[in-house]
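Residue strings, one per chain:
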Amino acid sequence: MRDLDINQVPSGEGEEEWTTASMEDEDESNNINGVPPRKKLRLTKEQSRLLEESFRQNHTLNPKQKEVLAMQLKLKARQVEVWFQNRRARYDNATVVLLTRFGLK
């Protein structure tokens, strides 16, 4: 397995890109209990498009919808669940900012 720079941009469309910090560049004392940092999945443009489209239709998914969407995207159901949680948080935050900006809150 190759090490990738955490600041590296995904190399192309249709590829999943994993980012990790190089173990050679890090002192083990920077890791919690000597455990390397988690890998972060970079979604493809198509995966992002489908997730956003699903979010526009419904801000929450039932377990069956989550499983179906995860299978379509070739992701784990938990990854889809976390993406929706994060997207709802960004949506709620943007709504508060807009309401505050226009003096409605």
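For every chain, the first residue of its written sequence is number 1, and the numbers climb from 1 along that sequence. Given that the model is predicted, a residue must reach a pLDDT of at least 70 before its local features are reported, and side-chain atom pairs must reach 80 or more before they are shown or counted; all residues, however, enter totals for whole chains, interfaces and linings. Think of the side-chain values as coming from all heavy atoms in the structure, minus any hydrogens and water.

Caption draft 1: Spotlight on helix H2 (residues 63–73). Turning to H2, its buried residues are Lys66, Leu69, Ala70 and Leu73. In a view along the axis of H2, the buried residues occupy a sector of 105 degrees, so they form one face of it. When the buried face of H2 is taken as reference, the exposed residues oriented beyond 90 degrees from it are Lys64, Met71 and Gln72. Secondary structure elements follow DSSP: runs of H or I no shorter than four residues count as helices, runs of E no shorter than two count as strands, and numbering proceeds from the N terminus. Where H2 terminates, the next one or two residues include Lys74, which has phi positive at roughly 60 degrees. Burial classes: relative accessible area under 20% of the type maximum marks a residue as buried, over 50% as exposed, and values in between as partly exposed (1.4 Å probe, protein chains only). In this description, one arc is meant: the one made by directions from the helix axis to the C-beta atoms.

Caption draft 2: Representation of the confidence of the model for the protein in the model. When the pLDDT values of the protein are averaged, the result is 78; 70% of them are 70 or greater. Long-range and interchain partners of residues 1–29, a stretch whose pLDDT sits below 50, account for 46 contacts in this model, where long-range means more than four residues apart. Confidence scores here are pLDDT values: one per residue, from the predictor, ranging 0 to 100. Throughout, a residue-residue contact means that at least one pair of heavy atoms, one from each residue, lies within 4.5 Å.

Caption draft 3: Representation of the packing of aromatic side chains within the structure. Pairing of aromatic rings covers Phe, Tyr and the six-membered ring of Trp, with a centre-to-centre limit of 6.5 Å; geometry is then stacked below 30 degrees between planes, edge-to-face above 60, and tilted otherwise. Within this structure, the stated rule accounts for four aromatic pairs. Ring geometry for Phe55 and Tyr91: centres 6.0 Å apart, planes at 70 degrees, overall edge-to-face. Linking Phe55 in helix H1 (residues 45–57) with Tyr91 in helix H3 (residues 77–101), this pair joins segments that are 36 residues apart in sequence. The buried category is assigned to Phe55, whose relative accessible area is 2%. By the ring-pair criterion, three or more aromatic residues cluster together here, those being Phe55, Trp83, Phe84 and Tyr91.

Caption draft 4: Fine view of the nonpolar core. Leu41, Leu50, Leu51, Phe55, Leu69, Ala70, Leu73, Leu75, Ala77, Val80, Trp83 and Phe84 together form the largest nonpolar core, which totals twelve residues. Only H1, H2 and H3 provide two or more residues apiece to this core. The leading source of residues in this core is H3, at four residues. If near-sequence neighbours (up to four positions away) are discounted, Phe84 is found in contact with Leu51, Ser54, Phe55, Asn58, His59, Leu61 and Leu69. Grouping buried Ala, Val, Leu, Ile, Met, Phe, Trp, Tyr and Cys residues that are joined through side-chain atoms within 4.5 Å yields what is termed a nonpolar core.

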